[in-house]
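Residues per chain, in single letters:
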Amino acid sequence: MDFLKDVEKALPVLADGGLILFPADEWWAMGCDATNPEAAYKLLATGIQYAHPFLHLLVAEEKDILRFVPTPGIKIYDYLAGADKPSYAIYENVSGIAPVLLLEKYSMAIRQTN
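Now for a description of the structure that goes with this document. (Residues numbered from 1 in each chain as written. Predicted model: local features only at pLDDT ≥ 70, side-chain atom pairs only at ≥ 80, totals over all residues. Heavy atoms only, no water.)

### Considering the overall build of the chain
Counted only if it meets this: Note on conventions: DSSP H or I runs of at least 4 residues are helices, E runs of at least 2 residues are strands, and numbering of each starts at the N terminus. In this treatment the radius of gyration is a C-alpha quantity, and the globule benchmark scales as 2.2 Å times the residue count to the 0.38 power. Think of it in three bands: residues with accessible area under 20% of the maximum for their type are buried, residues over 50% are exposed, and the middle band is partly exposed, with areas taken using a 1.4 Å probe on protein chains only. In this analysis, two residues are considered to be in contact whenever any of their non-hydrogen atoms come within 4.5 Å of each other. Per-residue accessibility takes into account occlusion by the displayed protein chains alone, with areas from the Shrake-Rupley method and a 1.4 Å probe. Neither His nor the chain ends contribute to the count of charged residues, in which Lys and Arg are positive and Asp and Glu negative. Just so you know, the charge point we use is NZ for Lys, CZ for Arg, CG for Asp and CD for Glu.
In terms of helices and strands, the chain carries four helices and five strands. Start at the N end of the chain and walk to the C end: the helices and strands fall as α-β-β-α-β-α-α-β-β. Its C-alpha atoms give the chain a radius of gyration of 14 Å, near enough to 13 Å, the size a compact globule of 114 residues would have. In terms of principal-axis extent, the alpha carbons of the chain reach across some 35 × 30 × 25 Å. With 114 residues in all, the chain has 32% of them scored as buried. Put simply, of all contacts in the chain between residues at least 6 apart along the chain, 44% involve residues at least 24 apart. In the structure as shown, the chain presents an accessible area of about 8000 Å², 56% of it carried by carbon and sulfur atoms. Counting 9 positive and 15 negative side-chain charges, the chain places the averaged centre of each group 1 Å from the other.

Here it is, written out as structure tokens:
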């Protein structure tokens, strides 16, 4: 499997508000552009059951968290850097995400991927 080719195929689907299926750490996951409200509604309309009680936002780099969380605590970066398994943090006052995906206090789980 050529990962780069798969990513290149997925990007236009995401840009058009579509859904993608991708391998996660322990299972397959379904995803969309979380900043696109129409795509978010499509994702929720699938009725898929999640292993966790909430959705996750995946970001590529630490600095990407700042795009959605204006003031993340600096300690969270240390925690995530030292984690020995894939980890996420739940942030409050998240912005720039389709509101239908956010929990109370505008919170969302965000995870930096490798």
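### Some remarks on a nonpolar patch on the surface
Note the threshold: In this scheme, patches are assembled from residues that exceed 30% relative accessible area and form no salt bridge. Like charges are connected within 9 Å, while nonpolar side chains (Val, Leu, Ile, Met, Phe, Trp, Tyr) are connected within 5 Å. Definition used for salt bridges: Asp or Glu carboxyl oxygen within 4 Å of a side-chain nitrogen of Lys or Arg.
Among the surface-exposed residues, Tyr41, Leu44 and Val100 lie close enough to one another that they form a single nonpolar patch of about 260 Å² accessible area. A residue is classified by how much of its surface remains accessible, and tyrosine 41, at 53% relative accessible area, is exposed.

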